Amino acid sequence: MDKKIQQKIIETITMIPGLIGLANLDPKASSKALAEKDFSKGYDVLENKTGLDISLAVIVNGDVRTKVVVGDLKTTLIGTLKKENIKLNKLNVLIKGVK
């Protein structure tokens, strides 16, 4: 996958209100927020003929409804990818923590 697209995905994820940060996608790993240099451990992007399947592990703010945060994330990702003529097929969000 193009590095430019990966960077846009990361930028989109990190600007969502109520989202504290990315966590490690590995279910056995710690639920601590990842440092920016380790963001690649917090998401997985599979590219196929019809678009992208994205899986993320996130930590959300406890003062915000999780459903709203995930909805904003999905809407924003769809918009970002649409600008690049890429379709979001599937978005899997694993909530690894609430702070």
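This structure is a prediction, so every number in the text was calculated from the model and none was measured. Numbers given to residues run from 1 along each chain, matching the order in which its sequence is written. Two thresholds apply to this predicted model, a pLDDT of at least 70 for residue-level local features and 80 or more for giving and counting side-chain atom pairs, whereas whole-chain, interface and lining totals are computed over all residues. With hydrogens and water set aside, each side-chain value is computed from the structure's full complement of heavy atoms.

Enquirer: Help me out: how do you make sense of the nonpolar core in this one?
Expert: The nonpolar side chains of a soluble globular protein tend to be buried with one another. Nonpolar cores are built from buried Ala, Val, Leu, Ile, Met, Phe, Trp, Tyr and Cys residues. Side-chain atoms within 4.5 Å join them into one set. Relative accessibility decides the category of a residue: with a 1.4 Å probe and only protein chains considered, values under 20% of the type maximum give buried, values over 50% give exposed, and everything between is partly exposed. Ile9, Leu22, Ile54 and Leu56 are the most contacted members of the largest nonpolar core, which has 22 residues in total. Among the elements of the structure, helix H1 (3-14), strand E1 (19-22), strand E2 (43-48), strand E3 (51-60), helix H2 (66-83) and strand E4 (88-98) are those that each provide at least two residues to this core. Secondary structure elements are taken from DSSP: a helix is a run of H or I of four residues or more, a strand is a run of E of two residues or more, and numbering for both begins at the N terminus. It is E3 that contributes the most residues to this core, 5 residues altogether. Contacts between residues were defined by any pair of non-hydrogen atoms, one from each residue, lying within 4.5 Å. Each residue touching Ile54, except ones within four places of it in the same chain, is listed here: Ile9, Asp44, Val45, Leu77, Leu81, Leu88, Lys90, Leu91 and Asn92.

Enquirer: Would you mind showing me how to read the side chain of Thr80 here?
Expert: Counting through the fold element by element, Thr80 comes out in helix H2. Assessed through its relative accessible area of 18%, Thr80 is described here as buried. Among the polar contacts listed, one links the side chain of Thr80 to the side chain of Thr12, at a separation of 3.0 Å. Beyond its immediate sequence surroundings of up to four residues, Thr80 is in contact with Lys8 and Thr12. Throughout this description, a polar contact denotes any pair of N or O atoms lying within 3.5 Å of each other; where both atoms belong to protein, one of them has to be capable of donating a hydrogen while the other can accept it, and for residues adjacent in sequence the pair is counted only when both atoms sit in side chains.

Enquirer: Sorry, what's going on with unusual backbone geometry here?
Expert: Phi is mostly negative for residues that are not glycine, and the peptide bonds are mostly trans. Phi is positive for Asn85, close to 60 degrees, though the residue is something other than glycine. Within the element layout of this structure, Asn85 appears in the loop between H2 and E4.

Enquirer: Explain the pairing of E4 to me, please; I cannot follow it from the model alone.
Expert: The side chains of a regular strand alternate between the sheet's two faces. Judged from the 9 bridges that link them, E3 and E4 form a sheet pairing that is parallel. Note on E4: the bridge partner recorded for Ile59 is Gly97. Pairing between strands is defined by DSSP: at least two bridges between the two strands are required.

Enquirer: What am I meant to see in the pattern of salt bridges here?
Expert: Once the charged atoms of two side chains with opposite charge are near each other, the side chains can pair. Any carboxyl oxygen of Asp or Glu within 4 Å of a side-chain nitrogen of Lys or Arg constitutes a salt bridge here. Under the definition given, this model contains 1 salt bridge. The partner of Glu84 in a salt bridge is Lys8, with the nearest N and O atoms 3.5 Å apart. Placement of the pair is Glu84 in the loop between H2 and E4 and Lys8 in helix H1, with a sequence separation of 76 residues.

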